[in-house]
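# A look at the structure
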Amino acid sequence: MASRLCFASAPLSAPSSWCSNSVSRSGSYNIFNSTLYLSRYRHVSHRRRRTWCSSTWAPLATSYYSPTSFKTQAQIYWNDRQNHRTKTINRPVASLLFGTKHDFRRSWHDPEFMQDSSPEDVEKWLLFLMQSARKDADDKRIITNDSSNNPIVYFDEGFTIDATAYLRVLEAYARSELPGSPQKGEYWIGVLERHYSAAKELFKKRTTAASKSQQREDAAAIVRSLQPTVECYNVLIKLWGHNSKDLISVVRARRWLTKLEDEAMGGSADGSDSILHSPLAPNARSYDLYLHSCSRGLGKQHKLHRERAEESERILHYRMSDDAPLAVRPTTESFNLVLRAWTRCRREESVPDRVMELVLSMERIQRDFLMAEEKGTDVSGEEWCWKRKVAPDTRTYTTAIDGWIIKAGLKANKWRSQQLRISNTNKQRGRGVRDDHRYIQAMPDACGVQDDGTEEMEKAETILKYIHDLESIGHADVNATVVGYNTLLSGWARLANELRPDVPLKSEKLLHDMIALAQEGNENAAPDVISFNAVIKAWGRTKRQNSADRCEYWLRKMIESGRPAEDKLSGENFIAGPNVATYNLCMDAHFELGDAPRVQDMLIEMDATNGLIPPNSESFSKVIRAWINDELNNPYGLPGSSVENAWRWLDELLQREKKDDSDLGPAPELFPAILKAAAKTSACGENLLTIGQWTFRAYEESRFTIDHLAYIWLLEIALKVLASPDAEVTSVFEQCCRDGLLSSKFVRTLSDGPFHEDGWSKEKSEWMCKELLG
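This structure is a prediction, so every number in the text was calculated from the model and none was measured.

Conventions we followed
Counting restarts for each chain, with residues numbered from 1 along the sequence as it is written. With pLDDT at 70 or above as the cut-off, local features in this predicted model cover only qualifying residues; side-chain atom pairs require 80 or more to be listed or tallied, and sums for whole chains, interfaces and linings still use all residues. Side-chain calculation: all heavy atoms of the structure are included, whereas hydrogens and water are not. By definition, any uninterrupted DSSP run of H or I lasting at least four residues is a helix, any uninterrupted run of E lasting at least two residues is a strand, and each is numbered from the N terminus. Using a 1.4 Å probe on the protein chains alone, a residue whose accessible area is under 20% of its type maximum counts as buried, one over 50% counts as exposed, and one in between counts as partly exposed. Every residue pair with non-hydrogen atoms within 4.5 Å of one another is taken to be in contact. Grouping buried Ala, Val, Leu, Ile, Met, Phe, Trp, Tyr and Cys residues that are joined through side-chain atoms within 4.5 Å yields what is termed a nonpolar core. Salt bridge, as applied in this entry: a Lys or Arg side-chain nitrogen positioned within 4 Å of an Asp or Glu carboxyl oxygen. The predictor reports its confidence for every residue as pLDDT, a score running from 0 up to 100. Note on ring pairs: Phe, Tyr and Trp rings are taken, using the six-membered ring of Trp, and paired if centres are within 6.5 Å. Classes follow the plane angle, with under 30 degrees stacked, over 60 edge-to-face and the rest tilted. Counting as a charge over the ring demands two things of the Lys NZ or Arg CZ atom: a distance within 6 Å of the ring centre and an angle within 35 degrees of the ring normal. Every axis corresponds to a line fitted to the C-alpha atoms, with the helix fit spanning only the stretch in contact, and the corresponding angles, defined between N-to-C directions, vary from 0 to 180 degrees. Here the word oblique covers every angle except those under 35 degrees (roughly parallel), over 145 (roughly antiparallel) and from 65 to 115 (roughly perpendicular). Side-chain classes are defined by residue name, with Ala, Val, Leu, Ile, Met, Phe, Trp, Tyr, Cys and Pro counting as nonpolar, Asp, Glu, Lys and Arg as charged, and the others, Gly among them, as polar. Here a helix's expected span is defined as the number of its residues, less one, multiplied by 1.5 Å. By definition, any crossing whose near helix is turned counterclockwise from its far helix by less than a right angle is left-handed, and any crossing with a clockwise turn is right-handed. Residues adjacent in sequence count toward polar contacts only when both atoms are side-chain atoms; beyond that, a polar contact is any pair of N or O atoms within 3.5 Å, and within protein one must be able to donate a hydrogen and the other to accept it.

### Description of the overall build of the protein
In terms of helices and strands, the protein carries 30 helices and 6 strands. The 774 residues of the protein split such that 50% are buried. Taking all contacts inside the protein whose residues are at least 6 apart in sequence as the whole, residues at least 24 apart take part in 72%.

Printed below as a string of structure tokens:
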């Protein structure tokens, strides 16, 4: 027997769902039943570097149906590997584990290893690496233990698996957007933890104090190389924070961050493990990845968003405290993530105060560092090094603008509701004037205060001006960009309403400023389609007689630019092309004025672009709602015609959905809206019954759940249209009972009419109720 330590644990059982063609009947992964993949594997010796395979991925066996050639090529690989190992037999095992910069002792220690490969391919590579170790152990007749749940490990220079190999699999899933990537990441981190535990157990069983010092150190180095690193856990936190939109993602990310914190506080439970266990603790990257998860704003619960923002700020203050290690000190990115977490609280008026407090804190840290450096203080120490990395940037000040806009929007909504309530009260008291808008606008002047969010918007504009000042004196990290301007434009759009007709003019002035800056050479501030859409939205919300015309003015100007919305700027053309959102906003403006034909024209115009700007489901919904609104509120239209137009557009939408157009589909409220309009309209033609019956059937065949109101409105249509609706009433009643949706309102509708002199009379209604209800 060789004098070196050669012991191993049992092989890893591969998941059958991932490599079903490669799993033997015993459940272990069989290398000779799978396609063998190798990547750029370079084994570096003291004398030379030897490349074993090509720089591109190439299967050694092209088919599962050629086992002989596959085994032959695999044997060549192993013979070559064994010959090379003989030349480096005297190298210490520890020297294989660590290399100098750009001198990777193992190919997978290169950060760019298999960057372009899919997670499945990287998994195959790691499974092959494990089977390679198993074959090496079998060739050397290394004794294995009886456990069948742990991956293989043995103490010999031929064992090359380490935590970095697992890290490459985790990174592959982090790069992908595959569903279930976080769960796959947790699976592999579990395998790595079992691998590390098996190595420690084997070390304790097979090594003693009497073992040779060099052999013991080499074995301990292999054990330490299998310990999960903070980078492995960071990738797992990133998987949950970036690749998952589930509400549980924040909880799972917190779970792995807590594991790192517990490791840092507890360390190794057994003092004898000191040579097998490297200190493990979270670093700044760990906390930043978790802050990213907290600040994504997942879910719609305001209370949850606030709790996550408060937790993010607590973590930030801890990282700046004296109790925190220097490795977790925050950076500019850390502050920005906490700022983003607060701006997710869209219903919290205290957001700008919280945001500005953090921004001022960043400026204080930056000022302290610069003053210390100017005074000649030695700032090379670790206590000053982290402060060098904290300085407000463009994203910081843009988030601050957003914080003030949140408060401005909340105040604007509150002020508008208050003014409308005052107006309604005065109307009820008979003191209203003919022009309600002028009357409402005069009220704040009489009180001396107009708390409608304007003050907050002015503060947001002050921050944008401050950004310009910093840029002008040479701050490279602070620039006035289109994002900052768009944030400000979105704020003015939120303030726009029927009581503030001046707001769109301010939006237009801001848009012209952006165009002027772009023409002067600052293309970073050039407006994009979002900028123009914000101006159009501001005009549409005013509900003035000229608001829709102004919206179309900007739409035509964007169309004349001839540049698609997603294209980059070219030459001096700083007007973006329209997109579907632009048309939808124009449709909103016409809808607010009750102009259903123009809403329809907008949709037809989009359809005429031949797919350049195709209408979406929202576009069809706006047209359908516009015609329904016209049916119920336009006293001058032909009764029944508008609801028929709404029905035709719903039919068109359903037909397009059936053509496998996955981007189109009806909203659930469209079906009951048409039924209700048909029931409430003053028209009583038989076409209404056809519309009602067709809409009801389409509602039943859709993916949505029908409710009891649909039966009531269908019954109302039948009673209104048919003089003798006995058969229809009986059919609706029986189907309503089968679906378990019979309600008291349905019975009242049946018994209360409407009635006809010839046909459906009150006596017949009472007789029908008695027959049906008993």
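### Here's the deal with the nonpolar core
Core analysis: the largest hydrophobic core is formed by 189 residues, its most contacted members being Trp125, Leu126, Val153 and Trp188. For this core, the element with the most residues is helix α27 (residues 708-721), which contributes 10 residues.

### A few points about the pattern of salt bridges
Considering all chains together, one arrives at 39 salt bridges under this definition. Between arginine 254 and glutamate 261 there is a salt bridge, with its nearest N and O atoms 2.7 Å apart. Of the residues examined, arginine 254 reaches a relative accessible area of 21% and is grouped as partly exposed. With a closest N to O distance of 3.2 Å, glutamate 333 and arginine 395 form a salt bridge.

### Let's talk about the confidence of the model for the protein
Close reading of the predicted structure is inappropriate where its pLDDT is low. Mean pLDDT for the protein: 81, with 80% of residues reaching 70 or above. Mean pLDDT across the secondary structure elements of the protein bottoms out at strand β2 (residues 37-38), with 30, and peaks at helix α11 (residues 332-343), with 97. For the stretch residues 1-102, pLDDT sits under 50, and the model shows 209 contacts to residues farther than four places along the chain or on other chains. When the criterion is pLDDT under 50, residues 432-442 qualifies, and its contacts beyond four places in sequence or with other chains add up to 17 contacts.

### Regarding the packing of aromatic side chains
One pass over the full model with this rule turns up 18 aromatic pairs. Here the basic side chain of arginine 254 rests over the ring of tyrosine 290, its NZ or CZ set 5.1 Å away from the ring centre. Above the ring of tryptophan 256, the side-chain terminus of arginine 255 is found at 3.9 Å from the ring centroid.

### Observations concerning the packing of helix α17 (residues 482-495) against helix α18 (residues 503-519)
At a closest axis distance of 9 Å, the pairing of α17 and α18 adopts a crossing angle of 170 degrees. Accordingly, the angle class assigned to the pair α17 and α18 is roughly antiparallel. Here Val482, Tyr485, Asn486, Leu488, Leu489, Trp492 and Leu495 of α17 come into contact with α18, specifically with Val503, Lys506, Ser507, Leu510, Met514 and Leu517. Looking at the contact of α17 with α18, its residues break down into 10 nonpolar, 2 polar and 1 charged.

### Here we look at helix α3 (residues 119-139)
Here α3 is 21 residues long and its end C-alpha atoms lie 30 Å apart, about the 30 Å a rise of 1.5 Å per residue gives. Along α3, 16 of the 21 residues are buried, which leaves the element largely enclosed by surrounding structure. Directly beyond the C-terminal end of α3, a positive phi value near 55 degrees is found at arginine 141.

### Observations concerning unusual backbone geometry
With phi around 55 degrees, methionine 114 is a residue other than glycine that occupies positive phi space. Its place among the elements puts methionine 114 in the loop between α2 (93-97) and α3. Here lysine 543, not a glycine, exhibits a phi torsion of approximately 60 degrees, which is positive.

### Details of the packing of helix α7 (residues 230-243) against helix α8 (residues 248-266)
Taken N-terminus to C-terminus, the directions of α7 and α8 make an angle of 165 degrees; their axes are 8 Å apart at the nearest point. Between α7 and α8, the angle is such that the two are roughly antiparallel. Relative to α8, the crossing made by α7 is left-handed. When α7 is examined against α8, the residues Val230, Tyr233, Asn234, Leu236, Ile237 and Trp240 are found in contact with a partner set consisting of Ile248, Ser249, Arg252, Ala253, Trp256, Leu257, Lys259 and Leu260. Counted by class, the contact of α7 with α8 contains 10 nonpolar, 2 polar and 2 charged residues.

### Structural notes on helix α12 (residues 351-374)
Compared with the 34 Å implied by 1.5 Å per residue over 24 residues, the 35 Å span of α12 between its first and last C-alpha is a close match. Inspection of α12 places Val351, Pro352, Val355, Leu358, Val359, Ser361, Met362, Glu363, Ile365, Phe369 and Ala372 among the buried residues, and these make up the whole buried set. Glycine 376 occupies a position one or two residues after α12 and carries a positive phi of about 90 degrees.

### Things to note about the environment of serine 225
Structurally, the position occupied by serine 225 is in helix α6 (residues 213-225). For the pair formed by serine 225 and threonine 160, sequence separation is 65 residues and the distance between their alpha carbons is 9.4 Å. A polar contact is formed between the side chain of serine 225 and the backbone oxygen of isoleucine 222, at a distance of 2.6 Å.

### Considering the environment of alanine 496
Mapping alanine 496 onto the fold places it in the loop between α17 and α18. Taking the relative accessible area as the measure of exposure, alanine 496 reaches 0% and is therefore buried. C-alpha of alanine 496 to C-alpha of serine 507: the two residues are 11 residues apart in sequence and 9.7 Å apart in space. Beyond its immediate sequence surroundings of up to four residues, alanine 496 is in contact with Val503, Ala538, Arg541 and Thr542.

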